[in-house]
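The residues making up each chain are set out below.
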Amino acid sequence: MSVRVRYGPSPTGEPHVGNIRTALFDWFLARRLGGQFIVRIEDTDRSRAVEGTEQLILDALTWLGVDWDEGPDIGGQFGPYRQSERLPLYRDAADRLLADGKAYRCVCSSERLDALRKSQQQAKQPPGYDRRCRELGLGPDEPHVVRLAMPREGDTIVNDALRGGVSFQNALLDDHILLKRDGFPTYHLASVVDDHHMQITHVIRGDEWLSSAPRHVQTYTALGWDEPAWVHLPIIRGPDGAKLSKRHGATSVREYADQGFLPEALLNFLALLGWSKDETTTIMSRDEIVEAFGLDGLGLASAMFDLERLQEMNARYIRDLDPADFLRRGRPHLEARLGRPVDDDQLDALLGIAPAIQERVKLMPEFADYTDFFVVEGPLNYANTDLMGRAYKNKPWAALESVEASLQTLRALDESDWTAEPLEAALRELAETRGEKPGALFTPIRVATTGKRIAPPLFETLETLGQPKTIERLNAAAERLARPDD
């Protein structure tokens, strides 16, 4: 049988990075071994379902470049792919277990169970159901839940791919609920029934589920079904060693997209949280990860989520983009800044300077910081103190002389010489002639033409702006410096 794995999110909120990491490992394994990757929406907890979340889950996978072979939107041989639409399967499994004496009906009220839990806590006993209804042989007339009759002696062995055989004492495991009073299954029953009927071969999930695994093993045994291979991934921790939380940067995939992370960077980063190809390789394309992926590359040590490292990886991916692709991805951010569409011609004009901007951008919204001044019309917004810089601080007349000298030099250049190298040569010669440091001369030019103290390389910027717009903006700066009230 070929490998079949499933990603089973609950539609209770947007998928976060820990949840998505598990989906990626499932997908990598399926694609590496020519198997199938299934999306199954686990929506049996109706009280926690959030409308629209299912689509957000599918959108997150699509944004990361993850496709699926079967799912709620495309169907498949083993559908339906929403657990709320599979209730008869769970009822049938529960009825089988009841008929075989491997499960029983329990009518204990929530008040009794709360009192039992408190008494166990006071007596410092392990919490769990006391099996009061197990021997009563209750019928279906009274409202009830269905519990699995767990073995009372011996051990249950969970054969985990990362840990080997993990032993659990049956005496410490209670008779867990399979079917709730409303007829909906618990995760313990639904996941087992669905994984069996969907022919799932590997269950990859976080190790917070390891303590529940013996219950699932016993459910498989009671139903006479073969278990899948179990793979319990170590949890993700923050740099401080604590379990990953929002304060470490754990947030939804959509929020990472909005913050300006590239999907290929986030995918690469998440792939390395608990898996590695070798001791040195860190930058890998999606196809390269698929080619190298295997369960033997997973480790038992908790992975560390380092937001700074993710940002550095994202910057690397941005630098490696084709310049035209970089401009295409940056365009929405620029248009959001401007509040209007950007013409194709305006974007195409930035192609030459795009590589220099890529070196400075770590998150895609920063694209607008380095490009908006190229496409705005009218005067730029900046302070005269920025225009003067440190060299001309509180000396507007000195800054004005510098700007006027720069204007004279730049007006004298032929149009054919309006490229970065001649521009740099001319302005450096002017600084030397005036006995000034180049930085002192360049600051007013940079602020006048970009409106910013930090901008792309000056001479490439002037080349991209063109001679008319550069002259126009330097004239505006000279007029500002000539007004003593500014």
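Thresholds applied
- Residues numbered from 1 in each chain as written.
- Predicted model: local features only at pLDDT ≥ 70, side-chain atom pairs only at ≥ 80, totals over all residues.
- Heavy atoms only, no water.
- Helix = DSSP H or I, 4+ residues; strand = E, 2+ residues; numbered from the N terminus.
- Rg over C-alpha atoms; globule rule 2.2 N^0.38 Å.
- Contact = heavy atoms within 4.5 Å.
- Areas by Shrake-Rupley, 256 points an atom, 1.4 Å probe, with all protein chains shown as cover.
- Lys, Arg positive; Asp, Glu negative; His and termini not counted.
- Charge placed at Lys NZ, Arg CZ, Asp CG, Glu CD.
- Axes fitted to C-alpha atoms, helices over the stretch in contact; angles between N-to-C directions.
- Parallel < 35°, antiparallel > 145°, perpendicular 65-115°, else oblique.
- Left-handed = near helix turned anticlockwise from the far one by under 90°.
- Nonpolar A, V, L, I, M, F, W, Y, C, P; charged D, E, K, R; others polar.
- Buried < 20%, exposed > 50% of the residue type's maximum accessible area, 1.4 Å probe, protein only.
- Pairing = 2+ DSSP bridges.
- Right-handed = clockwise from strand over helix to strand, strands pointing away.
- Disulfide = S-S within 2.5 Å.
- Salt bridge = Lys/Arg side-chain N within 4 Å of Asp/Glu carboxyl O.
- Phe/Tyr/Trp six-rings, centres within 6.5 Å; stacked < 30°, edge-to-face > 60°.
- Lys NZ or Arg CZ within 6 Å of the ring centre and 35° of its normal.
- Core = buried A, V, L, I, M, F, W, Y, C linked by side-chain atoms within 4.5 Å.

J.: Describe the overall build of the protein chain, listing the residues and the values that go with them.
T.: Counting its secondary structure elements, the protein chain contains 21 helices and 11 strands. Rg of the C-alpha trace for the protein chain: 32 Å, well past the compact-globule value of 23 Å for 486 residues, more than 25% over. Pairs at least 24 residues apart make up 75% of the contacts formed inside the protein chain by residues separated by at least 6 positions. Accessible surface, the protein chain: about 23200 Å² in total, of which carbon and sulfur atoms supply 47%. One finds the centroid of the 59 positive side-chain charges in the protein chain at a distance of 7 Å from the centroid of its 77 negative side-chain charges.

J.: I'd like a rundown of the packing of helix 18 (residues 420–434) against helix 19 (residues 438–450), residues and numbers included.
T.: With their axes 9 Å apart at the nearest point, helix 18 and helix 19 run at an angle of 125° to one another. As the angle between them shows, helix 18 and helix 19 are arranged oblique. Handedness of the helix 18/helix 19 crossing: right-handed. Residue-level contacts link Leu427, Arg428, Leu430, Ala431 and Arg434 of helix 18 to Pro438, Leu441, Phe442 and Ile445 of helix 19. Here the residues of the contact of helix 18 with helix 19 sort into seven nonpolar, no polar and two charged.

J.: Outline the pairing of strand 1 (residues 4–7), supporting the account with residue identities and numerical values.
T.: Across the two faces of strand 1 the burial is the same, with Arg4 and Arg6 and Val5 and Tyr7 all buried. Sheet topology places strand 1 next to strand 2 (residues 36–39); four bridges connect them, and they run parallel. Bridged to Val5 within strand 2 is Phe37. Note on the crossover from strand 1 through helix 1 (residues 17–32) to strand 2: the handedness is right-handed.

J.: Describe the sheet that holds strand 3 (residues 103–106), listing the residues and the values that go with them.
T.: An order of 3-4-7 is seen for the three strands of this open sheet, with the pairing classed as antiparallel. Edge positions in the open sheet fall to strand 3 and strand 7 (177–179), since each of these has one partner strand only. Across this sheet, the average inter-strand angle for adjacent strands is 45°, counted without regard to direction. Bridge count between strand 3 and strand 4 (residues 145–148): four bridges; the pairing is antiparallel. Across the sheet, the residue bridging to Arg105 is Val146, located in strand 4.

J.: Which residues make up the state of the cysteines, and what values go with them?
T.: Put plainly, two cysteines are in a disulfide when a covalent bond ties their sulfur atoms together. Using the criterion set out here, one finds zero disulfides in the structure. Cys108 takes part in no disulfide bond, and the closest cysteine sulfur, belonging to Cys133, lies 3.7 Å away. Under the relative-accessibility criterion, Cys108 is labelled buried at 8%.

J.: Could you give an account of the environment of Arg480, naming the residues involved and the relevant values?
T.: With respect to the element layout, Arg480 can be found in helix 21 (residues 467–482). Looking at Arg480, the relative accessible area reads 18%, which means it is buried.

J.: With reference to specific residues and values, describe the pattern of salt bridges.
T.: Summed over all chains, the structure comprises 35 salt bridges. Note that Glu85 and Arg82 form a salt bridge whose closest N and O atoms lie 3.3 Å from each other. In this structure, Arg215 engages Asp174 in a salt bridge whose closest nitrogen and oxygen atoms are separated by 3.0 Å. One end of the pair, Arg215, is in helix 6 (residues 213–223); the other, Asp174, is in the loop between strand 6 (164–169) and strand 7, and 41 residues separate them in sequence.

J.: Can you explain the packing of helix 18 against helix 20 (residues 458–465)? Please cite residues and give values.
T.: Between helix 18 and helix 20, whose axes approach to 8 Å, the crossing angle comes to 120°. Relative to helix 20, the element helix 18 lies oblique. For the pair helix 18 and helix 20, the crossing hand works out as right-handed. Seen from helix 18, the contacting residues are Ala420, Leu423, Glu424 and Leu427; seen from helix 20, they are Phe459, Glu460, Leu462 and Glu463. The class makeup of the residues in the contact of helix 18 with helix 20 is five nonpolar, no polar and three charged.

J.: An account of the packing of aromatic side chains is requested, with residue identities and associated values reported.
T.: Counted according to the given criterion, the structure contains 12 aromatic pairs. Ring centres of Tyr256 and Phe261 lie 5.4 Å apart, and the angle between their planes is 75°; on these two criteria the pair is classed as edge-to-face. According to the relative accessible area criterion, Tyr256 is buried, its value standing at 1%. For Phe261, a relative accessible area of 3% translates into the label buried. Here a set of aromatic residues connected by ring pairs shows up, and it is made of Phe25, Trp27, Phe28, Trp275 and Phe293. The ring of Tyr382 carries Arg480 above its face, with NZ or CZ at 4.2 Å from the centroid.

J.: Residues and numbers for the nonpolar core, please.
T.: Counting residues in hydrophobic clusters, the biggest one holds 73 residues, and the most contacted among them are Phe28, Phe37, Leu270, Phe305 and Phe326. The element best represented in this core is helix 1, accounting for nine residues. With residues near it in sequence (within four places) discarded, Phe326 still touches Ile318, Leu321, Ala354, Ile357, Gln358, Val361, Met364 and Phe367. Formed by 34 residues, the second largest nonpolar core is a distinct cluster that contains Leu387, Leu427, Ile445 and Leu462.

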